[in-house]
Amino acid sequence: MASSSSSRPRTWRYSVFTSFHGPDVRKTFLSHLRKQFNNNGISMFDDQRIERGQTIAPELITAIRESRISIVVLSKYYASSSWCLDELVEIFKCKEDKNQIVMTVFYGGVDPSDVRKQTGDFGDVFKKTCARKTEEERRKWSQALTYAGNIAGEHFLNWSTVTSMIEKIARDVSNKLNATVSNDFEDMVGIEAHLEKMQSFLHLDDEDGVMLVGICGPAGIGKTTIARALHSRLSSTFQLSCFMENLRGSCNNGPDEYGLKLRLQELLLSKTLNQNGMRKNHLGMMRQRLCDQKVLIVLDDVDDLQQLEALANDTNWFGPGSRIIVTTEDQELLEQFGIHNTYHVDFPTTEEACKILCMYAFKRSWAPYGFEKLAERATELCSNLPLGLRVMGSMLRGKKEEDWEGLLHRLEKRSIPKINAVLRVGFDSLHENDQTLFLLIAVFFNYAYVDHVKAMLADSNLDVRFGLKTLAYKSLIQLSINGEIVMHKLLQKVGIQANKSQEPWKRKVLTDTDDILDALENDFGCSGSLMGIRFDISTIKDSIEISPRALKRMRNLRFLRIYNTRWDGNNRVHVPDDMDFPPRLKLLHWEEFPGACLPHTLRLENLVELDFGNSKLKHLWKGTQPLGYLKKLNLTASFYLEELPDLAKATNLEILDVSQCEGLVEIHSSVGNLHKLESLEMGLCSNLEVVPSLFNLASLELVGLVGCDKLRKLPDIPPTVAELTIVDTMLEEFTASIRLWSRLDCLIIVGGVIPSVFWTKPHVVKLMVERSGADIERIPDCFKDLKSLEELSIFGCPKLVSLPEFPRSLKVLWVHNCESLETLVTFPFDSQIEKLYFTDCLKLKLDEAEARRIIVQQRSCQAFLPGREIPEEFNHRAIGNSLTISSNAFFGFKMCVMVSHISEMDNAFDVELMCRISINGCPTENCIFSIPIRVQSEHLAIFKTGTTLRKDEQFSEILFEFSCSSQDLAIVECGVQILQVEATNSELLSETDDGSLSDESFELDESPVEIVEDLHGSLESYDDASRLETTHDDLFPPTLFSFGF
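Just so we're clear, the structure is a prediction, and the values are computed from it rather than from any experiment.

Asks: For this particular structure, what's the right way to read the pairing of strand β24 (residues 746–750)?
Replies: In summary, the side chains of a regular strand alternate between the two faces of the sheet. Judged by how many residues are buried, β24 sits mostly within the fold: five of five residues are covered. Both faces of β24 are covered, namely the face carrying C746, I748 and V750 and the face carrying L747 and I749. As defined by bridge partners, strand β23 (residues 723–727) adjoins β24 across five bridges and the pair is classed as parallel. Within β24, the residue paired with I726 across the bridge is I749. As paired strands, β24 and strand β25 (residues 791–795) are joined by five bridges and run parallel to one another. Of the residues in β25, the one forming a bridge with I749 is I794.

Here it is, written out as structure tokens:
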């Protein structure tokens, strides 16, 4: 789990070096400060054994350089000592060279202004010391005192007692020391972000009370690792600390409750007080030994309330400022104990996850050449779970590419025992009913919504509400804000594996092909316990004949999902005409159903979801059927379907999808009265002629009408619509209704050429690619009135010449195969545009420089457009797929890559460009650009990264390496534009050919920029900017600060 930085944090010998004048403070202030530091676990350099002289001793120079923090105690006679002044010069040298922290204390009656200006009594003392010194010595000392006086420190006169001031100084030192993690965890990806969040939960500045904080998340997410890193970082700032690891199961056996608590307390006190074998004879010893101590205690992997009652039942057991951290998978346990201050650990991002895997597989945070895609596959297989990434990476370490392929192929079908054992613990601890619910989610309802699952299990003996709450509390599922149920991929495998390990007659679900074949062909294993079957028919070698009575015997079967992942056109399942379905079916999903109509034995009154995609159906049923529970009806790509049945009684229907039903002529009039309908997809119904009015459907949000060539007019669409797909022939009627659609945020317009993105199955892509369009030449100007529009796509309009002004809300604009397009309107200043795609819009390639300029100069968006030359804005260019530049100041890069197709692109939707950026040989960032569709000419991809380097850092060599996931595309040329200064108006000043900074509206020469950056660097150390005094106020006009320096 390596970080992306090549530099490793320093190891400091001392926490603090104190510079002081001994006679002023040694026996008073300094002795109390040293005692406070000792109590807080802060190491301070002791100079009492060093013999004083006229020049600073080498030991002191070494001590200053090896201390993380220097505290300068500026007393009345501090400046009388050339030794002290030399120390001060060395301290500020270390601040500049080693990023050392400098703190100041103005002791006695010393005023910061007198130190800064060397005036008053302090100045008189300084002048006497300088009397016989060289001009160079006087200059260095004076400059160092000015720096010290400008640092906002603790002023003795502002405090009522010295004790209070010393306690505040100790807290500040502790907080600054906590800003860096110990070396043990320095290479862990994302650890810093976790620790920063955790420290915000701990409220370390509050030293009066005791606080309990939880860390919660699923098994393998990294809770223990975060707690260990936190303990490592913070333990030195507490008087005592203890990490009680792996408490899980400690309550399962052994003595009675009293004896259990006594044993756990003995263990904690032994660890905390470092006294092995400690024996206790009563439970009051915890309070006796720890009530006056500031302690940090981590209770790891707690799974029983008794553990918390034994070890942290009363905050009075611990001294003021103590913190107790509890890690657990069970959020309910924390709530029962009254811990509501809980950090929920999130999964790492995909980029972070890949770095974690690579650290264990390659001992570095990136994959070597040739392993990039394999590393991505392995990361996806682990679904970003840190435990899985660690185990997977370790298994793959040192293996060749072909070995990776073989192992990943095997692991895609089987779970890894080491991971499975850890994740299985949570499942095994569940009640039987909750295990059943877990299994059903794993097999059928991952990413389903809570209400949908409740409807599916309404007549079962499962308490779904309580069960979901239990699974969420135990971190086995996540419940999103909008009610979506999410189970991790590896936990899904755990549930399926646990189900397979049961005896056949006890199983709730069948997923294994051999078991399912036995059940369907031979009536084998059909018991009352079976609730669901999930059957991938592409896994069978030969066709099968389903027994007519096989399903009926499964009297409790509620969920039947039969699907085909191969799409080879072979019909492997033969259904008898007299086949009986079980009476309690809730979910019937049967892809490629071979029958022309549904068996009359199918009872519809309990069905919630009916899915017959790619079926041979011509009719569903006759007459009006009881469909009160039906929420989803999917008939996608049922090419032979001739009619929809009467859906008048489907009063709860929410989703109706008849897209690609080419034989369908009419949408039944009953659909116009389905007031809960949210989505109606009719795209590519090439013979559809009649659609009822939809205007009264108050819940309708999505309507799809692409490819409905025979539909003479746009149906009446309700004002609630948010996503609409239409053909260009409907634009005139669309314009007339535009004022009604205030919620429309996604609009797709398709002309005479329909791209393959609309086809659901690869083998039907070429069935229809051209139609008779309206040949529109422009988009109506009224589009700017769609104030909620965020995504607009325009496909296959070959005569479209110009695009109008768009609303400021627009974020994504995709124009495809509009070969005459040449005119764009400049986007408004406050445009929110994020992505601009102009794929196969060939006139933009060479002819229209102004349109290209509008696209290229969008400040923060991705763009993809035809082109054979890297634009001149990208003034660092190279032939091929890599280039190297040098810079010592930048706020990011804009990159441009020219790609050319080598052959017909078979994979239209999974092509990615990647840029790997390395600074001084160390990889820092991988940027991904997704190509949305196949292209047949040279195109330019433009994207941006946020990698930054401040001006005061070292001169850097930056390498950009570009690669493509498809062998059908070649990278011909690449270019980079350095973004150096970010202004408040979000415009980025770019580096011109002569190295100056400019945009179209103003220019800055180099010197003012450097002055302002130097000032900013000084201000970073001030708590009170008013302490700054300078005679050059005219150099820093307020307007310069608005540029973000």
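Now that the structure has been shown, the text picks up again.
Asks: In this structure, what is going on with helix α18 (residues 417–428)? I would like to understand it.
Replies: Owing to its 3.6 residues per turn, the α-helix brings residues three or four apart onto one side. Under the 1.5 Å per step criterion, the end-to-end length of α18 is 15 Å for twelve residues, consistent within 8% with the ideal 16 Å. By the burial criterion, the buried members of α18 are I419, N420, L423, G426 and F427. Relative to the axis of α18, the buried residues are bounded by an arc of 115° and lie together on one face. Exposed positions of α18 whose direction lies more than 90 degrees from the buried face are P417 and K418.

Asks: Whenever I open this one, the sheet that holds strand β9 (residues 342–344) confuses me. Can you help?
Replies: Sheet strands pair via backbone hydrogen bonds, and the direction of the pair is either parallel or antiparallel. Spatially, β6-β7-β8-β5-β9 is the arrangement adopted by the five strands of the open sheet, whose pairing is parallel. Every interior strand has two partners, whereas the edge strands, β6 (240–244) and β9, have only one. Across the sheet, the mean angle from the axis of one strand to that of its neighbour is 10°, orientation sign disregarded. Seen against the sheet, helix α9 (residues 223–234) touches β5 (211–216), β6, β7 (295–299), β8 (323–328) and β9 and runs at an angle of roughly 165° to β6. Each of β6 and β7 is contacted by helix α10 (residues 257–273), which is oriented at about 130° to β6, the strand it contacts most.

Asks: I'm lost on a negative patch on the surface in this one. Help?
Replies: The grouping of E723, D745, E790, E791 and E834 at the surface amounts to a negative patch. Summarising the element assignment, E790 is placed in the loop between β24 and β25. Judged by its relative accessible area of 33%, E790 is partly exposed.

Asks: Just checking my understanding: could you explain the sheet that holds strand β4 (residues 154–155) for this structure?
Replies: Pairing within the open sheet is parallel, and its four strands lie in the order β1-β2-β3-β4. Two strands in the sheet have a free side with no partner beyond their single neighbour: β1 (14–19) and β4. Bridge analysis of strand β3 (residues 101–106) against β4 gives two bridges, and the strand direction is parallel. Bridge pairing links F106 to H155 in β4. Sheet strands in contact with helix α7 (residues 162–177) are β1, β2 (67–74), β3 and β4, and its direction is about 175° off that of β3.

Asks: Explanation requested: the side chain of D580 in the structure shown.
Replies: Position of D580 relative to the elements: it lies in the loop between β16 (573–574) and β17 (587–590). For D580, the residues in contact, after removing those within four places along its chain, are P548, R549, L551, K552 and T601.

Asks: Explain the packing of aromatic side chains here, please?
Replies: Each aromatic ring pair is described using two quantities: the centre-to-centre distance and the angle formed by the ring planes. According to the stated counting rule, one finds 22 aromatic pairs in the structure shown. Both rings, one in W814 and one in Y837, keep their centres 6.4 Å apart while their planes meet at 85°; by these two values the pair is edge-to-face. Taken together, the residues W814 in strand β26 (residues 812–816) and Y837 in strand β27 (residues 835–839) connect sequence positions 23 residues apart. The class for W814 is buried, based on a relative accessible area of 13%.

Asks: Explain the state of the cysteines here, please?
Replies: Each disulfide consists of a covalent bond between the sulfur atoms of two cysteine residues. Taken as a whole and judged by the stated rule, the model has zero disulfides. Between C661, a free cysteine, and C685, which holds the nearest cysteine sulfur, the sulfur-to-sulfur gap is 5.3 Å.

Asks: Got a minute to help me understand the pattern of salt bridges in this structure?
Replies: Any two side chains of opposite charge can pair if their charged atoms end up close together. All chains considered together, the criterion is met by 31 salt bridges. In this structure, R138 and E135 form a salt bridge, with 2.6 Å as the shortest nitrogen-oxygen distance. On the criterion of helical spacing, the pair formed by R138 and E135 is a turn pair, its members being three residues apart in helix α6 (residues 135–149). For R138, a relative accessible area of 27% corresponds to the partly exposed category. E135 gets classed as exposed once you look at its relative accessible area, which sits at 55%. As a salt-bridge pair, K294 and E207 come within 3.5 Å of each other at their nearest N and O atoms. In this pair, K294 sits in the loop between α11 (285–290) and β7 while E207 sits in the loop between α8 (191–202) and β5, placing the two residues 87 residues apart along the sequence. Note on K294: relative accessible area 14%, which makes it buried.

Rules of the game
- Residues numbered from 1 in each chain as written.
- Predicted model: local features only at pLDDT ≥ 70, side-chain atom pairs only at ≥ 80, totals over all residues.
- Heavy atoms only, no water.
- Buried < 20%, exposed > 50% of the residue type's maximum accessible area, 1.4 Å probe, protein only.
- Helix = DSSP H or I, 4+ residues; strand = E, 2+ residues; numbered from the N terminus.
- Pairing = 2+ DSSP bridges.
- Expected span 1.5 Å × (residues − 1).
- Arc of directions from axis to C-beta.
- Axes fitted to C-alpha atoms, helices over the stretch in contact; angles between N-to-C directions.
- Contact = heavy atoms within 4.5 Å.
- Patch = residues over 30% accessible without salt bridge, like charges linked within 9 Å, V, L, I, M, F, W, Y side chains within 5 Å.
- Areas by Shrake-Rupley, 256 points an atom, 1.4 Å probe, with all protein chains shown as cover.
- Salt bridge = Lys/Arg side-chain N within 4 Å of Asp/Glu carboxyl O.
- Lys, Arg positive; Asp, Glu negative; His and termini not counted.
- Charge placed at Lys NZ, Arg CZ, Asp CG, Glu CD.
- Phe/Tyr/Trp six-rings, centres within 6.5 Å; stacked < 30°, edge-to-face > 60°.
- Disulfide = S-S within 2.5 Å.

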